[in-house]
Amino acid sequence: MSRSNPDTDRGEDELQRLRSALDNVGAYVFTKDREGRYVYVNRMVCELFGAAAEDIVGCGDERFFDLSVADDLRVHDRQVIEAGVRIEGEERTVVAHSGETRYYHTVKQPLYDGAGAIVGVLGVSTDISARKAAETRLRDREALLRNILDTASVAIFLVDAEGVITHANRRMAEMFGCPLAQLVGSEYVAHVHPAERETGRARRRALLANELAAVDLERLYWRADGSQFWGRLTGRCFEDAQGRGRGLVGVIADISAGKSAAERQGRVIELAMDGFLAVGADGHIHECNAALCALSGYTREELLARGIGNLEAVEAGEEIAVHIARIFGVGSDRFETRWRRKDGRVIDVEVTATCLRSDGEIGAFVRDITLLKAHQHELQHIAHHDLLTGLPNRALLFDRMRQAVAQARRSGAALAVCYLDLDGFKPVNDRFGHDEGDRVLIEVARRLKACLRAGDTVARIGGDEFALLLQGLAAADDVAPALTRILEAIAQPMRAGGSDIVLSASLGAALHPGEEVDADTLLRQADQAMYVAKQNGRNRFHVFDAERDRLARERSERQERIARALRDGEFVLHYQPQVDMRSGRVHGAEALVRWQHPQRGLLAPGEFLPAIEDCDLIVELGNWVIATALGQLDAWRRAGLELSVGVNIAARHLLRGDFVASLRRHLAAWPQLCPPALELEVLETAALEDLERVSALIDECRALGVAFALDDFGTGYSSLAYLKALPAQTLKIDQSFVRDMLLDAEDSAIVEGVIGLARVFRRAVIAEGVESVDHGTMLLALGCDRAQGYGIARPMPAAELPAWVARWRPDPAWRRIRAAATIA
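Owing to the predicted nature of the structure, the values given are computational and were not obtained by experimental measurement.

Cut-offs and rules
- Residues numbered from 1 in each chain as written.
- Predicted model: local features only at pLDDT ≥ 70, side-chain atom pairs only at ≥ 80, totals over all residues.
- Heavy atoms only, no water.
- Helix = DSSP H or I, 4+ residues; strand = E, 2+ residues; numbered from the N terminus.
- Rg over C-alpha atoms; globule rule 2.2 N^0.38 Å.
- Buried < 20%, exposed > 50% of the residue type's maximum accessible area, 1.4 Å probe, protein only.
- Contact = heavy atoms within 4.5 Å.
- Areas by Shrake-Rupley, 256 points an atom, 1.4 Å probe, with all protein chains shown as cover.
- Lys, Arg positive; Asp, Glu negative; His and termini not counted.
- Charge placed at Lys NZ, Arg CZ, Asp CG, Glu CD.
- Pairing = 2+ DSSP bridges.
- Axes fitted to C-alpha atoms, helices over the stretch in contact; angles between N-to-C directions.
- Phe/Tyr/Trp six-rings, centres within 6.5 Å; stacked < 30°, edge-to-face > 60°.
- pLDDT = per-residue confidence, 0-100.
- Parallel < 35°, antiparallel > 145°, perpendicular 65-115°, else oblique.
- Left-handed = near helix turned anticlockwise from the far one by under 90°.
- Nonpolar A, V, L, I, M, F, W, Y, C, P; charged D, E, K, R; others polar.
- Patch = residues over 30% accessible without salt bridge, like charges linked within 9 Å, V, L, I, M, F, W, Y side chains within 5 Å.
- Salt bridge = Lys/Arg side-chain N within 4 Å of Asp/Glu carboxyl O.
- 1 Å grid on protein atoms, 1.4 Å probe; cavity = no way out; pocket = protein on both sides within 12 Å on 5 of 7 lines; lining within 4 Å.
- Points joined across faces, edges and corners; volume = space filled by probe spheres on them.
- Core = buried A, V, L, I, M, F, W, Y, C linked by side-chain atoms within 4.5 Å.

1. Points about the overall build of the protein
Okay, step 1: Each helix and strand counted, the protein has 31 helices and 32 strands in total.
Okay, step 2: Taking 824 residues into account, the globule formula puts the C-alpha radius of gyration at 28 Å, and the protein, at 43 Å, lies well above it.
Okay, step 3: The C-alpha extent of the protein, read off along each of the three principal axes, is 130 × 95 × 60 Å.
Okay, step 4: Here the protein, with 824 residues, has 43% of them falling under the buried criterion.
Okay, step 5: Pairs at least 24 residues apart make up 57% of the contacts formed inside the protein by residues separated by at least 6 positions.
Okay, step 6: Carbon and sulfur atoms provide 52% of the accessible area of the protein, an area that totals close to 42,800 Å².
Okay, step 7: Separation between the mean location of the 101 positive side-chain charges and that of the 122 negative ones in the protein comes to 2 Å.

And the structure:
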């Protein structure tokens, strides 16, 4: 009789207590496997789905939710599993069995097994449907109140105890010519005429202190564009539910139309922020306001006793005469001039003048723009200079470059545009912090300026990148000594974080005259030259090479043409048979891409693949080849021809992070095909780039049923350890060895060695480049039965392959061969 295990019993008791606790936790708790099937659900999930736990476990969301909801939930699950991250958010669901729409706040995180691998998703959901319903009702009530307020013909607003507008209706925004979002949050008295702002603040305090029951008055307001209008304000305190004063509610009616034009004019002039004066034909001031007194420093009496000419700080008689003539000619004029205040200080003023009467009286508003002019100068400097180093920025650099190019064309002198990038600056930031990094950049800027002559320019154009404009070069050869000086200056030790550091720089230069180019092109060429300097080892300079740039442009144009060819369906696949020379069986074919060029005819891969092997276009083409080959396999299968097809995969394509997922989608499009019918061929040299990653990729593809072959085997740095690490089923002997094996003993030895390796590691082997019967004979003697090459068949269109398979027979000499005893 067996006895129970106490540890097992305790574990089961603890599991039961945990399940009981989760059933009463007040939330929906569940776990799913990697495929989205429920593994565990608590009581609340069972009640939600209207099913028992055993009827839920093993099912996916599509059984319990609307399909669109189920798809969204599956997307969330995959994000957790694939990225290994915790996500949370609100989910709207429609429960299938009840048709009820519910809202949940859900937290999902990866579920790990004992080895640390992600095996599924753990989720906890809380029903927030009641809260969402309450929020909807509140929004509806708020929208109704807002609609009521926005239909009012008067401005309605609330201010808090500090006088800040907290709510306002649409009419108030229209009345003040100010966006509602800008109006709310501003101080109410900021929209009142400045002369009445303190009075407005005092009334607000009195209302809040219950010293005033309400206000009802006429007041002059300012719109956002600086214009003014009269409004009638009524306001009082408003309280919360506890009777505490929370602020003020106000109503403003626009009464501008009811005010007398003369009253408004006099009031506006007196309260205007700008100075106003009326000048007679004799030049004497007849009238002025308080603002003009403040602006000039003179009293009203002093101004009325003076002529306008006494205020001018510069001799500008002719200029003033021009302005007066324009005023009487077109009715008004606006101009800037300089006045001298009573205290002797000179200020910049803007004058807006108009003709008041036919007797020559002129009225003018005068504004002090001294600070504005200073700010404009400062803003101009900021707009054209780097804030950290004070150097010119990209905008100012380009302006100077354009001027320099134009001048160089006229004079025939040479100039150079240089692009400098610091080597290894990021570690300085990482080690010492951004403040120390900024100090290093400032020191670099100082050194660069010290290297240049008076007419040259150095600019910071971003991060640790600088540009230099070297003008007045006697000849293009003069640039090399200048660039050497710059590199030497940068390489001198400097301090950072209390330590000595040494930086270097990569420097590129473009010269003018050279090609007929503009300033933008010169900087681009200098940037390209800088990258060449970096690629060549850094801490050096490189002068732009026009021929290298031409070749790069040609390569780019060729890539664009190839991309268009792919879009336009100009690529085709030809297939080269792979046969068993001994038995005569045709095992499969290798898919070889060709370009059916409209003008040049059928082009081999060597004509176009080299141009795209380093860009993502090779991935697009590779996906097209896979899809087309799978479609052809299915067509042959339906015609009764069972073959495998080998597809070459570029290293860039294979090593993309989404390669396996993309392959899975391709295979899913042809479910009727047996996956081993597709064999992916990867170059041995590509596999060596990242052996561990390629090995893992091959394992993942083999799990999908896809076979793998190592193409051009023997051309890389093969080793037994390397071959053992790669789980490819087939080795393809490179055609260069096979082609010369009859004449070259070393090539023959290599072929024999590859066949031996394949036999030891239980891999299939196929020889490429079989061009004659003798090639096949020797391969059979060495123990290699499978082959392809021109001696068997040239690559052919898909439509021709079935007939070729039907009539092909191996050479009689091949049937008589027996493998050498030492190999057998």
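Past the structure itself, the notes keep going.
2. So, the sheet that holds strand E10 (residues 245–254)
Okay, step 1: On the basis of which strands lie adjacent, the open sheet formed by five strands has the order E7-E6-E10-E9-E8 and antiparallel pairing. At either margin of the open sheet sits one strand with a lone partner, and together these are strand E7 (165–168) and strand E8 (214–222). Mean inter-strand twist for the sheet, computed between neighbouring axes without regard to direction, equals 30°.
Okay, step 2: Contacts from helix H8 (residues 197–208) reach E8, strand E9 (228–239) and E10 within the one sheet, and its direction differs from that of E8 by about 155°.

3. A few points about the packing of aromatic side chains
Here the distance between the centres and the angle between the planes together describe a pair of aromatic rings.
Okay, step 1: Applying the stated criterion to the full structure yields 18 aromatic pairs.
Okay, step 2: Judged by centre distance (5.9 Å) and plane angle (75°), the ring pair of Phe-30 and Tyr-38 falls under edge-to-face.
Okay, step 3: Here Phe-30 falls in the buried class, since its relative accessible area comes to 7%.
Okay, step 4: Aromatic pair Phe-49 and Phe-64: ring centres 4.2 Å apart, planes at 5°, arrangement stacked. Linking Phe-49 in helix H2 (residues 43–49) with Phe-64 in the loop between helix H3 (53–56) and helix H4 (67–83), this pair joins segments that are 15 residues apart in sequence.
Okay, step 5: With a relative accessible area of 5%, Phe-49 lands in the buried category.
Okay, step 6: By relative accessible area, which is 5% here, Phe-64 ends up buried.
Okay, step 7: Members of the aromatic cluster, each reached through a chain of ring pairs, are Phe-30, Tyr-38, Phe-49, Phe-64 and Phe-65.

4. Looking at the confidence of the model for the protein
For any part of a model where pLDDT is low, the fine detail of the predicted coordinates should not be relied upon.
Okay, step 1: On average, residues of the protein score 86 in pLDDT, and 92% of them reach the 70 mark or higher.
Okay, step 2: Confidence drops under pLDDT 50 across residues 819–824; counting only partners more than four residues distant or on other chains, this segment forms nine contacts.

5. Some words on the packing of helix H21 (residues 617–638) against helix H23 (residues 659–668)
Okay, step 1: It is at 10 Å that the axes of H21 and H23 come closest, and there the two elements cross at 25°. Between H21 and H23, the crossing angle belongs to the class labelled roughly parallel. Handedness of the H21/H23 crossing: right-handed. Between H21 and H23, the residues in contact are Asn-623, Ile-626, Ala-627 and Leu-630 and Ser-662, Leu-663, His-666 and Leu-667, respectively.
Okay, step 2: When its residues are assigned to classes, the contact of H21 with H23 shows five nonpolar, three polar and no charged.

6. Focus: the pairing of strand E1 (residues 28–33)
Okay, step 1: The buried fraction of E1 amounts to six of the six residues, a majority that puts the element mostly inside the structure.
Okay, step 2: Of the two faces of E1, the one lined by Tyr-28, Phe-30 and Lys-32 and the one lined by Val-29, Thr-31 and Asp-33 are each fully buried.
Okay, step 3: Pairing analysis gives six bridges linking E1 to strand E5 (residues 118–127), with the strands arranged antiparallel. Directly across from Thr-31, in E5, lies its bridge partner Leu-122.
Okay, step 4: Examined bridge by bridge, E1 and strand E2 (residues 38–41) share three bridges and lie antiparallel to one another. Note on E2: the bridge partner recorded for Phe-30 is Val-41.
Okay, step 5: Here E1 folds back onto E2, and the loop between the two strands holds four residues, one of which, Gly-36, carries a positive phi near 90°.

7. Details of a nonpolar patch on the surface
Okay, step 1: Nonpolar side chains collect at one region of the surface, where Leu-379, Ile-382 and Leu-387 lie side by side and expose about 330 Å² of accessible area between them.
Okay, step 2: Inspection of the secondary structure assignment puts Leu-387 in the loop between helix H13 (370–384) and helix H14 (394–411).
Okay, step 3: Of the residues examined, Leu-387 reaches a relative accessible area of 72% and is grouped as exposed.

8. Observations regarding the pattern of salt bridges
Okay, step 1: Using the criterion set out here, one finds 45 salt bridges in the structure.
Okay, step 2: A salt bridge links Lys-342 to Glu-302, with the nearest nitrogen and oxygen atoms 2.9 Å apart. Taken as a pair, Lys-342 in the loop between strand E13 (332–340) and strand E14 (346–355) and Glu-302 in helix H11 (residues 300–304) lie far apart in primary sequence, 40 residues in all.
Okay, step 3: Arg-338 serves as the salt-bridge partner of Asp-348, at 3.2 Å between the closest nitrogen and oxygen.

9. Focus: the layout of surface pockets
Okay, step 1: In this structure, the largest pocket occupies an estimated 1,100 Å³ of space.
Okay, step 2: What lines the largest pocket is a set of 42 residues, among which Leu-592, Pro-605, Leu-609, Asn-648 and Asp-711 lie closest to the centre.
Okay, step 3: Counting residues per element, the lining of the largest pocket draws most heavily on strand E24 (residues 586–597), which supplies five residues.
Okay, step 4: When grouped by side-chain class, the residues that make up the lining of the largest pocket number 19 nonpolar, ten polar and 13 charged.
Okay, step 5: As a volume, the second largest pocket reaches approximately 370 Å³.
Okay, step 6: Looking at the lining of the second largest pocket, the elements with two or more residues in it are strand E11 (275–279), helix H12 (317–330), E13, E14 and strand E15 (362–368).
Okay, step 7: Ranked by the residues each element gives to the lining of the second largest pocket, the list is headed by H12, at five residues.
Okay, step 8: Of the residues in the lining of the second largest pocket, the class split is 15 nonpolar, six polar and one charged.

10. Digging into the sheet that holds E11
Okay, step 1: Pairing is antiparallel in the open sheet, where five strands are placed in the order E12-E11-E15-E14-E13. Edge positions in the sheet fall to strand E12 (285–288) and E13, since each has one partner strand and no second. Each strand of the sheet is rotated relative to its neighbour by a mean of 30°, with strand direction disregarded.
Okay, step 2: As paired elements, E14 and E15 share seven bridges and run antiparallel to each other. Bridging from a neighbouring strand, Thr-352 pairs with Phe-365 of E15.

11. Comments concerning the side chain of Glu-679
Okay, step 1: Here Glu-679 is to be found in strand E27 (residues 678–683).
Okay, step 2: Here Glu-679 is in contact with Val-645, Gly-646, Val-647, Ala-707, Phe-708, Ala-709 and Thr-730, once residues within four sequence places are set aside.

12. Quick word on unusual backbone geometry
Okay, step 1: Located in the positive-phi region is Arg-538, a residue other than glycine, with phi close to 70°.
Okay, step 2: The topology assignment puts Arg-538 in the loop between helix H18 (519–535) and strand E22 (540–543).
Okay, step 3: The class for Arg-538 is partly exposed, based on a relative accessible area of 40%.
Okay, step 4: Phi angles above zero are rare outside glycine, and Arg-762 is one such case at about 55°.
Okay, step 5: Summarising the element assignment, Arg-762 is placed in the loop between helix H28 (745–760) and strand E30 (764–767).
Okay, step 6: With relative accessibility at 76%, the residue Arg-762 sits in the exposed group.

13. Description of the nonpolar core
Okay, step 1: Residues Val-647 and Trp-804 are the most contacted members of the largest nonpolar core, which totals 83 residues.
Okay, step 2: The element that contributes the greatest number of residues to this core is H21, accounting for ten residues.
Okay, step 3: Contacts of Val-647, omitting those with residues within four sequence positions, involve Ala-591, Val-625, Ile-626, Ala-629, Leu-678, Glu-679, Leu-680 and Glu-681.
Okay, step 4: Grouped together as the second largest cluster of nonpolar side chains are 35 residues, Val-458, Ile-490, Leu-503 and Ala-509 included.

14. Focus: the pairing of E8
Okay, step 1: By the bridge criterion, nine bridges tie E8 to E9 in an arrangement that is antiparallel. Bridging across to E9, Leu-217 finds its partner in Leu-233.
Okay, step 2: Between the antiparallel neighbours E8 and E9 lie five residues, among them Gly-226 with a positive phi of about 95°.

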